[in-house]
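An overview of the molecular structure
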Amino acid sequence: MSDDDVLLHVEHVSKYFGQIRACDDVSFDLWPGEVLGIVGESGSGKTTLLNCLAARLVPDSGLISYTNRHGEVSDIFAMSEPERRMLARTDWGFVHQNPRDGLRLDITAGGNIGERLMMVGERHYGNIRHEAETWMNRVELELGRIDSPPRTFSGGMQQRLQIARNLVSGPRLVFMDEPTGGLDVSVQARLLDLLRELVRELQVAVVIVTHDLAVARLLSDRLMVMRHGAVVESGLTDQVLDDPQHAYSQLLVSSILQV
Amino acid sequence: MVAKKDTRTMIAVSGLSKTFVLHTQGGARISVFEDLSMDVAAGECMALDGPSGAGKSTLMRILYANYRVDRGTIKVSHEGEMVDLASSAPRTVLEVRRRTLGYVSQFLRVIPRIATLDVVAEPLRALGVGEDEAHDRARAMLARLNVPERLWDLAPATFSGGEQQRVNVARGFAAELPILLLDEPTASLDAINRQCVMGLIDEAKARGAAIVGIFHDREVRDAVADRVYDMRETLAASGDAA
């Protein structure tokens with residue numbers, strides 16, 4: 001077991017946009033299979049942090065290192081561009097809030113799933129088709145829609161397709177930015193359920209940004225509460241939500257409307 | 001597996017203090033208890049006693065590491081080692097909950113769309129038990145607690161209070177964990193089901209489980225508790241808790 005190897009190590013990461021500190025001295029470790037939720041209001045810097053972690057944005061200072069399948073640790077910003085791109089295709093996934101940012105709308109659903117496999121070297125058409133069908137099923141999309149382009153799908157279907165596209169290649173770490181954000185409540189519940197199942201079954205580590213504390217409770221093992229770019233509190237998810245210590249976390253939790 | 005006279009300490013709480021600071025209400029401080037210590041051995045059931053507001057539920061939540069503490073240690077016997085939940089990393093706490101520490105709360109936290117059978121089987125699945133066996137054991141537990149079979153494939157969101165509580169008890173006892181925390185496990189049950197839960201508690205003790213519980217029902221408490229811990233003695237002097 002390599003369970004004691006930290007998967008993602010984050011040390012003193014800061015990012016400024018002009019005078020604005022979007023991300024202020026953030027440090028944490030993520031272990032394999034662990035789900036970390038990042039919560040906070042709009043403008044708290046959670047998406048900026050996520051983008052830095054996923055190497056989509058270069059931080060102004062700090063270190064982010066990743067341990068690959070072979071146990072090799074590397075600074076993600078010291079890698080060459082092709083290495084980093086390879087990492088993003090093989091070991092990582094990124095689920096965008098808007099599925100249109102993560103899908104190719106004009107190629108078929110099956111093509112969207114298969115493309116990820118082709119990126120990691122799969123060439124056999126039959127295998128790719130078979131995997132695409134399997135994943136259509138797993139994310140509860142009708143097989144009959146496999147040859148339709150996702151622009152003909154509803155938002156919830158597109159989001160499930162984006163998840164299939166990300167998970168088909170067996171990533172070890174998936175970044176998610178408000179994955180249930182733009183969806184109706186009933187569609188949201190179904191998607192959450194699906195994500196919960198898949199994350200547990202595949203033992204994939206996840207960093208998920210959400211402003212919805214119910215989503216955070218359902219999916220994450222651990223939480224970080226962000227405000228003005230800084231982490232004000234972190235810990236076990238139910239501890240942070242049921243016994244928040246920081247004034248801002250208390251305000252967040254007590255602001256939830258009861259249904 | 002467990003020897004007949006097993007007296008290992010399973011829970012060792014020492015010097016526990018807990019204060020709630022309510023930042024959203026002018027920084028009010030509510031001190032719940034100070035310097036609380038207790039031990040629970042394998043095969044033993046400890047009942048928490050005291051009036052409403054004495055901190056019984058707070059202590060239960062602290063024992064589950066759901067609430068934090070200001071000072072003190074909460075050591076539990078996990079895979080042969082004493083692990084302090086108050087200072088452990090989240091993933092350690094989750095591992096202790098998965099393998100060692102079960103909690104039956106008063107209310108079932110319902111997850112949309114998950115069938116009752118899966119709710120009960122989930123702790124077993126988390127221990128690596130295969131789906132078929134986990135479902136078989138979950139069925140046996142639900143049948144024992146008289147949850148009608150027609151409900152097993154439904155999500156428990158719409159069940160009655162008593163039905164939800166029995167689902168919760170079934171889930172809590174299914175995995176036969178070494179330590180169980182029971183918060184009013186019989187509160188909304190009729191006589192037959194109360195008897196049934198008492199039977200489960202006795203069996204858990206017989207296999208060596210350490211149990212801490214809140215039992216408002218005197219009859220249940222007298223039947224299952226080996227010791228009673230009086231929360232009045234540790235009730236903090238300060239604070240506005242009634």
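Before reading further, recall that the structure is shown in the block above.
Now for a description of the structure that goes with this document. What you see is a predicted model, and the numbers here were worked out from it, not measured in a lab.

Observations regarding a negative patch on the surface
Taken together, D118(B), E131(B), D132(B), E149(B) and D153(B) make up a surface patch of like negative charges. Checked against the element boundaries, E149(B) lands in the loop between α4 (131-144) and α5 (161-174).

Focus: the interface of chain B and chain A
Each partner contributes residues to the interface: chain B has 22 residues there, and chain A has 29 residues. Interface area for chain B against chain A, summed over the two sides, is near 2,200 Å², with a carbon-plus-sulfur share of 47%. It is R68(B), R91(B) and R113(B) that lose the most area in chain B upon contact with chain A, and together they represent 33% of the buried surface on that side. Summed over the shared surface of chain B and chain A, the result is 6 salt bridges. Linking K18(B) and D243(A) is a salt bridge whose minimum nitrogen-to-oxygen distance equals 2.6 Å. Between the two partners, chain B and chain A, sit 12 residue pairs in polar contact (both at pLDDT 80 or more).

With respect to helix α4 (residues 125-138) of chain A
Side chains that are three or four residues apart share a direction in an α-helix, a result of its 3.6 residues per turn. Residues and elements named next belong to chain A. Here α4 is 14 residues long and its end C-alpha atoms lie 20 Å apart, about the 20 Å a rise of 1.5 Å per residue gives. Among all positions of α4, only I128, A132, W135 and M136 are buried. One side of α4 holds all its buried residues, which, seen down the axis, span an arc of 105°. Those residues of α4 hidden inside the fold are in contact with α3 (109-119), α5 (155-167) and α6 (185-202).

Some details on helix α3 (residues 116-126) of chain B
Burial of α3(B) is extensive: 8 of the 11 residues sit out of reach of the surface. Here α3(B) has its buried residues at T116(B), L117(B), V119(B), V120(B), A121(B), E122(B), P123(B) and L124(B). Next to the buried residues of α3(B) lie α6 of chain A together with α4 and α5 of chain B. A positive backbone phi angle near 95° is found at G128(B), which sits one or two residues after α3(B).

A closer look at the packing of aromatic side chains
Counted by the stated rule, this structure contains 5 aromatic pairs over all chains. Arranged with centres 5.4 Å apart and planes meeting at 85°, the rings of Y66(A) and W92(A) form a pair that is edge-to-face. With Y66(A) in strand β4 (residues 61-67) and W92(A) in strand β6 (residues 92-95), this pair connects stretches of sequence that are 26 residues apart. W92(A) sits in the buried class, given a relative accessible area of 3%. Relative to F175(A), the ring of F94(A) lies with its centre 6.3 Å away and its plane at 35°, an arrangement referred to as tilted. Taken together, the residues F94(A) in strand β6 and F175(A) in strand β7 (residues 173-177) connect sequence positions 81 residues apart. The class of F175(A) is buried, set by a relative accessible area of 1%. Pairwise contacts between aromatic rings join Y66(A), W92(A), F94(A) and F175(A) into one cluster. It is K18(B) that lies over the ring of F20(B); its NZ or CZ is 4.6 Å from the centre.

Thoughts on the pairing of strand β8 (residues 205-209) of chain A
Along a regular strand, successive side chains alternate from one face of the sheet to the other. Residues and elements named next belong to chain A. For β8, the buried fraction is high: 5 of the 5 residues fall into the buried class. Side-chain alternation along β8 places A205, V207 and V209 on one buried face and V206 and I208 on a second face that is also buried. Here strand β3 (residues 35-39) pairs with β8 via 4 bridges, running parallel. Bridged to G37 within β8 is I208. Here β7 pairs with β8 via 5 bridges, running parallel. The partner of M176 across the bridge, within β8, is I208. In terms of handedness, the path from β7 via α6 over to β8 forms a crossover that is right-handed.

A short note on the nonpolar core
Residue and element names in this part refer to chain B. Counting 43 residues, the largest nonpolar core has L142, L145, F173, L182, I201 and F215 as the members making the most contacts within it. Here the element with the most residues in this core is helix α6 (residues 191-206); it accounts for 6 residues. Among residues more than four places away in sequence, those in contact with L145 are R166, V169, A170, N193, C196, V197 and L200. Within the second largest apolar cluster, 38 residues are counted, among which are F33, L48, Y67 and V76.

Parameters and conventions
Residues numbered from 1 in each chain as written. Chains lettered and ligands numbered in written order. Predicted model: local features only at pLDDT ≥ 70, side-chain atom pairs only at ≥ 80, totals over all residues. Heavy atoms only, no water. Patch = residues over 30% accessible without salt bridge, like charges linked within 9 Å, V, L, I, M, F, W, Y side chains within 5 Å. Areas by Shrake-Rupley, 256 points an atom, 1.4 Å probe, with all protein chains shown as cover. Salt bridge = Lys/Arg side-chain N within 4 Å of Asp/Glu carboxyl O. Lys, Arg positive; Asp, Glu negative; His and termini not counted. Charge placed at Lys NZ, Arg CZ, Asp CG, Glu CD. Helix = DSSP H or I, 4+ residues; strand = E, 2+ residues; numbered from the N terminus. Contact = heavy atoms within 4.5 Å. Buried area = accessible area lost by both parts, 1.4 Å probe. Polar contact = N/O pair within 3.5 Å; in protein donor to acceptor, adjacent residues only side chain to side chain. Expected span 1.5 Å × (residues − 1). Buried < 20%, exposed > 50% of the residue type's maximum accessible area, 1.4 Å probe, protein only. Arc of directions from axis to C-beta. Phe/Tyr/Trp six-rings, centres within 6.5 Å; stacked < 30°, edge-to-face > 60°. Lys NZ or Arg CZ within 6 Å of the ring centre and 35° of its normal. Pairing = 2+ DSSP bridges. Right-handed = clockwise from strand over helix to strand, strands pointing away. Core = buried A, V, L, I, M, F, W, Y, C linked by side-chain atoms within 4.5 Å.

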